[in-house]
Amino acid sequence: MAEIINKLCTIILIVRYVTAEVNERYYPRYHLAPPHGWMNDPNGFSIYKNDYHLFYQYNPNSSLEPGIAHWGHAKSKDLFHWEHLPIAMYPDQDYDKSGVFSGSAVVDADNLILLYTGNVNHPGEDPDHEQHQALASSSDGVNFTKYSNNPVIQGEEHQPNFRDPKVWKHNDTYYMVLGNSFQNNTLGRALLYASKDLISWKQVSILDESDGSLGYMWECPDFFDLRGRYVLLFSPQGIKPQGDKYKNLYQTGYIVGDFDYKTNLFTPVTEFRELDHGHDFYATQTIVDKSHRRIMVAWFDMWEQNYPERTDGFTGFMTIPRVLSLTRDGRLIQKPVKEIGTARGKLLRSGKADRGAAVTLTDKAGEIKIKAEGNKDLEVIIEASNATVTLSYNYTDGRVSLDRGGADGLRRTKWRPRGKLRWLIYVDASSVELFCGDGEVTFSSRFFPDGPTAVRLGDESDVQEFVVNAMKRTVLKPPKGN
Ligand code: FRU
């Protein structure tokens, strides 16, 4: 009897949880977040039948832990107005029973094809898990069927950390870059595979690998051309902090080089560079859209953070989608996609402003544009009664910083404006994204303000332009029970 009552209580708890609404205070207004539960990496970013599709690592059962990963799913016409769709993949097969891990999507003959990692844990054994690559497909973009002969890549020689396939097509061949750890899990690398049919795959090269300075595992690799050069973008684990660099638990960064499809060899021409300088930016994924833009999203969070939103019924959201371009000297530039305009609301203030000028944001969300002299210090403060984020430019140092307070609050990097100082800042309930200049330096950090949130110029910061717009709520309320 006690057992039945226990089971009933668990079921009631689950039903209450699944139908529960999340608390609004930290839930984003115009960034994609899970309807409830846990979100990590963006997955399967794609365009299918005129919609953007974005999947993500998802635990529908709890916002307190990643649990056993599912693929959550949303679609949008403009990258801001998202509609939540049913869960695309459950961990329901022998080869993915401990997690439908990260992966990507390609459109093939009218079908949306997903390639992902099936994770299987072996508790108490060594190694304690294995990972293989699997395929699923859909002809309506909503219902997915896993391939009957999965996994499509076993990769015995690359176990146990062998994951996160990113697939693209070049001429008549599909390519896949995979994250891997070698030399007894002490060094990370990116492997390249090729296939004619998405089913039968062959390893064709190692794109690049850590020599010890770039960590023990490379997660979520991506590989693409920009301006005739190639970018290897990945999220290495195990890089040690060095001054202002690599201060997060794990990093996301890139190496630019040359690539030859005849030999499948990548020749780096730059060192590894961090892509964002804030606290919360990980596991990026990119696509090319119909107007040839290379658009990137990242998980706007970081592992092991224990942020307060988790007790509000959700964890994690996605960054603003950003268009990538490459400078001549091999640096990635990031700009919010122009569709951000569809989320822009009422103008709250514009024009010149003197030190101390302040605007209270509507609904804790806003877009702030600053133009100031390039040869003076600047401070912009985003504040609520319990939380403050200070953005500063220090002219003498030639550095820009974001400080959200607390023990590990400061993030900083070199940056000098070319001419006028221009900043573009997005605030959304529990996040700040700062784009410096043309987007040559960005900071993405979470913070958790309670009550009204305002933006204020520092005590010595007079600016030529201080433009503040409200931002609209663009993410549709999730359907109950999804
Ligand atoms: C990156 C990552 C991936 C893995 C997924 C599991 O954040 O660890 O390597 O596929 O998350 O959720």
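Residues numbered from 1 in each chain as written. Predicted model: local features only at pLDDT ≥ 70, side-chain atom pairs only at ≥ 80, totals over all residues. Heavy atoms only, no water.

A short note on the site of the ligand
Operational definition: If even one non-hydrogen atom of a residue comes within 4 Å of a molecule or strand, that residue is called near it. Here a polar contact means two N or O atoms within 3.5 Å. Within protein one must be a hydrogen donor candidate and the other an acceptor candidate, and residues neighboring in sequence count only if both atoms are side-chain atoms. By definition, any uninterrupted DSSP run of H or I lasting at least four residues is a helix, any uninterrupted run of E lasting at least two residues is a strand, and each is numbered from the N terminus.
Near the ligand, the surroundings consist of Asn40, Asp41, Gln57, Phe101, Ser102, Arg163, Asp164, Glu219, Tyr282 and Trp303. A distance of 2.8 Å is found between an oxygen atom of the ligand and a side-chain nitrogen or oxygen belonging to Arg163. Between the ligand and Glu219 there is a distance of 2.7 Å, counted from an oxygen atom to a side-chain nitrogen or oxygen. For the shell around the ligand, the secondary-structure elements that each account for two or more residues are strand E1 (37-48), strand E5 (100-108) and strand E9 (162-170).

Describing the sheet that holds strand E7 (residues 129-138)
Across a sheet, strands are paired by hydrogen bonds formed along the backbone, either parallel or antiparallel in direction. Worth spelling out the cut-off: In short, DSSP must find at least two bridges between two strands for them to pair.
Strand order in the open sheet formed by 4 strands is E5-E6-E7-E8, with antiparallel pairing between adjacent strands. Of all strands in the sheet, those bounded by a partner on one side alone are E5 and strand E8 (145-146). Across 7 bridges, E5 lies against strand E6 (residues 111-121) in antiparallel orientation. Paired with Val107 across the strands is Leu112, a residue of E6.

Topic: a negative patch on the surface
Note the cut-off: Nonpolar side chains (Val, Leu, Ile, Met, Phe, Trp, Tyr) within 5 Å and like charges within 9 Å form the patches, drawn only from residues with over 30% relative accessible area and no salt bridge. Note on areas: these come from Shrake-Rupley sampling with a 1.4 Å probe, and a residue is covered only by the protein chains present in the view. Here, a salt bridge means any Lys or Arg side-chain nitrogen found within 4 Å of an Asp or Glu carboxyl oxygen. Only four residue types enter the tally: Lys and Arg on the positive side, Asp and Glu on the negative side; His and the chain ends are excluded. For this purpose, a charge sits on NZ of Lys, CZ of Arg, CG of Asp or CD of Glu. Exposed residues in this analysis have more than 50% of their type's maximum accessible area, buried residues have under 20%, and partly exposed residues fall in between, with area computed by a 1.4 Å probe over protein chains only.
The grouping of Asp377, Glu379, Asp459 and Glu460 at the surface amounts to a negative patch. In this fold, Asp377 is placed in the loop between strand E25 (365-372) and strand E26 (378-383). For Asp377, a relative accessible area of 48% gives the class partly exposed.

Notes on the packing of aromatic side chains
Note the following rule: A pair of aromatic rings is counted whenever rings of Phe, Tyr or Trp (Trp by its six-membered ring) have centres within 6.5 Å, and the orientation is called stacked for planes under 30 degrees apart, edge-to-face for over 60 and tilted otherwise. Geometrically, a lysine NZ or arginine CZ counts as sitting over a ring once it is within 6 Å of the ring centre and also within 35 degrees of the ring normal.
Under the defined criterion, the tally for this structure stands at 26 aromatic pairs. With a centroid separation of 5.4 Å and an interplanar angle of 25°, the aromatic rings of Phe223 and Tyr230 are classed as stacked. For the pair formed by Phe223 and Tyr230, the shared burial category is buried. Ring plane angle 85° and centroid distance 4.8 Å describe the contact between Phe259 and Tyr261, whose orientation is recorded as edge-to-face. Each member of the pair, Phe259 together with Tyr261, is buried. An aromatic cluster of three or more residues is present, and its members are Trp168, Tyr175, Phe223, Tyr230, Phe259, Tyr261 and Phe266. Over the ring of Tyr395 we find Arg416; its NZ or CZ atom is 5.3 Å from the centre of that ring.

Side note on the side chain of Lys364
Residue placement: Lys364 occurs in the loop between strand E24 (358-360) and E25. Buried within the structure, Lys364 lacks any salt-bridge partner; its nearest side chain of opposite charge belongs to Asp450, at an N-O separation of 5.0 Å. For Lys364, the side chain forms a polar contact with the main-chain oxygen of Arg25, separated by 2.8 Å.

Notes on the sheet that holds strand E28 (residues 399-403)
This is how it is decided: Simply put, an axis is a line fit to the C-alpha atoms, just over the touching stretch for a helix, and the angle between two N-to-C directions goes from 0 to 180 degrees.
Across the sheet, which stays open at both edges, the 6 strands sit in the order E24-E33-E26-E27-E28-E29 with antiparallel pairing between neighbours. With partners counted over all chains shown, the strands left at the sheet margins are E24 and strand E29 (410-414), one partner each. Taking the axes of each pair of neighbouring strands and ignoring which way they run, one obtains an average angle of 10° across the sheet. Sheet analysis places E24 next to strand E33 (residues 454-457), joined by 3 bridges and oriented antiparallel. In the strand pairing of E33, Ala358 is matched with Arg456.

Concerning the domain arrangement of the chain
Quite often, the size of an interface is put as the accessible area lost when its parts meet. The test is simple: Residue ranges labeled as domains rest on an automatic or database domain assignment. Note on definitions: a residue-residue contact is assigned when non-hydrogen atoms from the two residues lie within 4.5 Å. Two parts placed together each lose some accessible area; with a 1.4 Å probe, that loss summed over both constitutes the buried area. Residue type decides the class: Asp, Glu, Lys and Arg count as charged, Ala, Val, Leu, Ile, Met, Phe, Trp, Tyr, Cys and Pro as nonpolar, and the leftover types, Gly among them, as polar.
Each domain of the chain was delimited in the assignment, giving domain 1 (2-338) and domain 2 (343-471). Inter-centroid distance (C-alpha atoms) of domain 1 to domain 2 is 30 Å. Counting residues at the interface gives 34 residues for domain 1, matched by 37 residues for domain 2. In this assembly, domain 1 packs against domain 2 so that about 2,900 Å² is buried in total across both faces, 50% of it on carbon and sulfur atoms. Counting the surface domain 1 buries against domain 2, the share from its top three residues, Tyr30, His277 and His279, is 25%. The tally of links from domain 1 across to domain 2 stands at 8 salt bridges. With a shortest N-O distance of 3.3 Å, Arg404 and Asp280 are connected by a salt bridge. At the surface where domain 1 touches domain 2, the tally comes to 32 residue pairs in polar contact (both at pLDDT 80 or more). Looking at side-chain class alone, the side of domain 1 that touches domain 2 contains 15 nonpolar, 9 polar and 10 charged residues.

Quick notes on the pairing of strand E16 (residues 265-268)
In this sheet, E16 lies alongside strand E15 (residues 253-260) in antiparallel orientation, the contact comprising 4 bridges. Looking at the pairing, Phe259 lines up with Phe266 of E16. Between the antiparallel neighbours E15 and E16 lie 4 residues, among them Asn264 with a positive phi of about 60°.

Examining the pairing of E15
With 6 of its 8 residues buried, E15 lies for the most part within the structure. In this structure, E15 lies alongside strand E17 (residues 273-274), joined through 2 bridges in antiparallel fashion. Along E17, the bridge assignment pairs Tyr254 with Arg273.

Side note on unusual backbone geometry
In the segment running from Asp126 into Pro127, the intervening peptide bond is cis, with an omega of 0°. Within the secondary structure, Pro127 sits in the loop between E6 and E7. At the junction of Asn150 and Pro151, the peptide bond is cis and its omega measures out at -5° in the coordinates. Positive phi, normally seen in glycine, also occurs at Leu198, with a value near 75°. Structurally, Leu198 is set in the loop between strand E11 (187-195) and strand E12 (201-209).

Description of the nonpolar core
Quick reminder of the rule: Remark: nonpolar core denotes a set of buried residues (Ala, Val, Leu, Ile, Met, Phe, Trp, Tyr, Cys) joined through side-chain atoms within 4.5 Å.
Counting 32 residues, the largest nonpolar core has Ile370, Leu378, Ile382, Trp423, Ile425, Val455 and Phe466 as the members making the most contacts within it. A per-element tally of this core places strand E30 (residues 421-428) first, with 4 residues. Beyond its immediate stretch of four places on either side in the chain, Ile425 contacts Gly366, Glu367, Ile368, Ile370, Val380, Ile382, Leu391, Val432, Glu433 and Leu434.

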